[in-house]
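Architecture and fold: a report
Here are the chains, one letter per residue:
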Amino acid sequence: MDVIMPKWGMTMQDATISCWLKAEGDAVETGEPLVEVETDKVQAAIEAPVDGTLRQRAAVGDVVRVGALVAIIDPA
């Protein structure tokens, strides 16, 4: 399952990856925070949409556009 950059505000276009809360290859559960991201107005966490194994597709410091791929979760 793809984990994409959500849009939290009408003017939000992208966000910067601040830190990963889970490491590459970690098992994750639905609703568990995966990564913290920062915009000019908000700092928030993106949560796991499903249970599985995390595959990161963005690095700390990357600027990721809304709707772009941040990670993939391989089903458990």
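Our structure is the block above this text.
Residues numbered from 1 in each chain as written. Predicted model: local features only at pLDDT ≥ 70, side-chain atom pairs only at ≥ 80, totals over all residues. Heavy atoms only, no water.

**What to know about the overall build of the protein chain**
To keep it simple, the criterion reads: Segments assigned H or I by DSSP are reported as helices when at least four residues long, segments assigned E as strands when at least two residues long, and all are numbered from the N terminus. Just to be clear, the radius of gyration here is over C-alpha atoms, and the globule rule we use is 2.2 Å times residues to the power 0.38.
When helices and strands are tallied, the protein chain shows zero helices and eight strands. Counting from the amino terminus, helix and strand elements in the protein chain follow one another as β-β-β-β-β-β-β-β. Against the compact-globule benchmark of 11 Å for 76 residues, the protein chain has a radius of gyration of 12 Å, which places it among compact chains. Dimensions of the protein chain, computed from C-alpha atoms along their principal axes, come out at roughly 35 × 20 × 15 Å.

**So, the environment of P49**
Here is the rule we go by: Note on contacts: a residue pair is in contact if any heavy atoms of the two residues lie within 4.5 Å.
In this fold, P49 is placed in the loop between β5 (43–47) and β6 (52–56). For the pair P49 and M1, spaced 48 residues apart in the sequence, the C-alpha separation amounts to 7.8 Å. Residues within four places of P49 in sequence aside, it is in contact with M1, D2, V3, T30 and I73.

**So, the pairing of strand β4 (residues 33–38)**
So the rule is basically this: A pair of strands counts as paired when DSSP detects no fewer than two bridges linking them.
Of the strand pairs in this sheet, strand β2 (residues 14–20) and β4 are connected by four bridges, and their pairing is antiparallel. Its bridge partner being in β4, W20 is matched across the sheet by V35. Sheet topology places β4 next to β5; five bridges connect them, and they run antiparallel. Bridged to V35 within β5 is I46.

**Some thoughts on the side chain of K22**
This is how the line gets drawn: The definition of a polar contact used here is a pair of N or O atoms within 3.5 Å, where within protein one atom must be able to donate a hydrogen and the other to accept one, and adjacent residues in sequence count solely through side-chain atom pairs.
Turning to its location among the elements, K22 is positioned in the loop between β2 and β3 (27–28). A distance of 3.1 Å separates a polar atom in the side chain of K22 from a polar atom in the side chain of E32.

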